[in-house]
Amino acid sequence: MTLSTKDFDYELPEDLIAQTPLKDRSSSRLLVLDRQAHTQEDTDFKHILDYLQPGDALVVNETRVIPARLFGVKEDTGGHIEVLLLKNIEGNQWECLVKPGKRARVGTRLTFGQGGPLKGEIIASMDHGGRIIEFSYEGVFLEVLESLGEMPLPPYIKERLDDPDRYQTVYAKENGSAAAPTAGLHFTPELLDQARAKGIQVIPILLHVGLGTFRPVSVDQVEDHQMHAEFYQVSQDAADQIQAVKQGGGKIVAVGTTTVRTLETVAQQHDGQIVAASGWTDIFITPGFEFKLVDHLITNFHLPQSTLVMLVSAFYDRQAILAAYQHAVQAKYRFFSFGDAMLIL
């Protein structure tokens, strides 16, 4: 199936891009799409459990966003430079986005913070325009980052975030993401407790969100797009719990596209089964993809022509998704990271 990137376009008024999170996470709106009945319903996220049954499982991505945006200077010229950490390659070497990129040549030395508690050297350029930087510092790298770095909010968010924890899920645990798995931002501890009380399991897996989130689809044909690899991990406990839910007839409800990509990566490799696994995935889910594990999907509203709109279209139907997006625009839903949510049954 040959698809054009423009097949996943839609018109979005700029004032519908959510700039700040709501005071109460679960008070966001929820658009429920039923694939069997071909219906859609407007409700609030706090009512999401009404659509799930005892024996189902919410599978969540427990990655934690690190304060990955650094502002520094070039040692030779004193010129200002911005660095966004994307993924740890090995040791103190990180794949990064650098601005301004044209002046970020191999061999350039960088200093961050008063007195230079963190230093870096650009040691390689990458095909997609990124750089590999080797850092040097005293102490624990994450503690240095916590003191110097800022939360790497997406470029379409212009407002400053007063509370950095609002760009973390309430179950965020494992440090390593350059962006939040935003579908999970709607859950509160109370809502998760209500899910467990109803007999719905909450099962954590892991995918560290990297460059793919920031990288637009720049090719005309969808099949020509190359996804960037991201690290994932499914523990033995998680695999056993998910397998038991499936065998018991329960539904696997993926909280977010990152969860979908993790579960389907493992399932594609093991004939539809879920096993303990870890590694790097560059799975690209587009219409025509055969889902082997995920039954329902909770997701936010995504950027036009993005790989995420393509994934959601693959899970349901491209025209049905675009129609739902058009309804969301007309009903003035809030879009993107701090926006409202969709549940696809």
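Note that the coordinates shown come from a computational prediction; the quantities given were computed from them, not determined experimentally.

### Overview of the overall build of the chain
- A tally of regular secondary structure across the chain gives six helices and 17 strands.
- Here the C-alpha atoms of the chain give a radius of gyration of 20 Å, agreeing with the 20 Å that 2.2 N^0.38 yields for 345 residues.
- The principal-axis extents of the C-alpha atoms in the chain amount to approximately 65 × 40 × 40 Å.
- Evaluated residue by residue, the chain yields a buried proportion of 53% over its 345 residues.
- Surface accessibility of the chain: about 15700 Å² in total, with carbon and sulfur atoms responsible for 45%.
- The average position of the 31 basic charges and that of the 45 acidic charges among the side chains of the chain differ by 4 Å.

### Digging into the sheet that holds strand β10 (residues 131-137)
- As summarised here, the arrangement of the six strands in space is β5-β6-β7-β10-β9-β8, forming a closed barrel in which the pairing is antiparallel. Averaged over all pairs of adjacent strands, the angle between their axes in this sheet comes to 45 degrees, without regard to strand direction.
- Here strand β6 (residues 80-90) pairs with strand β7 (residues 93-99) via seven bridges, running antiparallel. Bridge pairing links K87 to E95 in β7.

### Things to note about the pairing of strand β5 (residues 69-74)
- In this structure, β5 lies alongside β6, joined through five bridges in antiparallel fashion. The residue bridging L70 from the neighbouring strand is V83, located in β6.
- The pairing of β5 with strand β8 (residues 109-112) spans three bridges and is classified as antiparallel. Residue pairing in the sheet places V73 in a bridge with T111 of β8.

### Observations regarding the pairing of strand β16 (residues 296-300)
- Where burial is concerned, most of β16 is hidden: five out of the five residues are buried.
- On β16, burial covers both faces: H296, I298 and N300 on one face and L297 and T299 on the other are all buried.
- As paired strands, β16 and strand β17 (residues 341-344) are joined by four bridges and run antiparallel to one another. Paired with I298 across the bridge in β17 is L343.

Here is what the cut-offs are and how they apply
- Residues numbered from 1 in each chain as written.
- Predicted model: local features only at pLDDT ≥ 70, side-chain atom pairs only at ≥ 80, totals over all residues.
- Heavy atoms only, no water.
- Helix = DSSP H or I, 4+ residues; strand = E, 2+ residues; numbered from the N terminus.
- Rg over C-alpha atoms; globule rule 2.2 N^0.38 Å.
- Buried < 20%, exposed > 50% of the residue type's maximum accessible area, 1.4 Å probe, protein only.
- Areas by Shrake-Rupley, 256 points an atom, 1.4 Å probe, with all protein chains shown as cover.
- Lys, Arg positive; Asp, Glu negative; His and termini not counted.
- Charge placed at Lys NZ, Arg CZ, Asp CG, Glu CD.
- Pairing = 2+ DSSP bridges.
- Axes fitted to C-alpha atoms, helices over the stretch in contact; angles between N-to-C directions.

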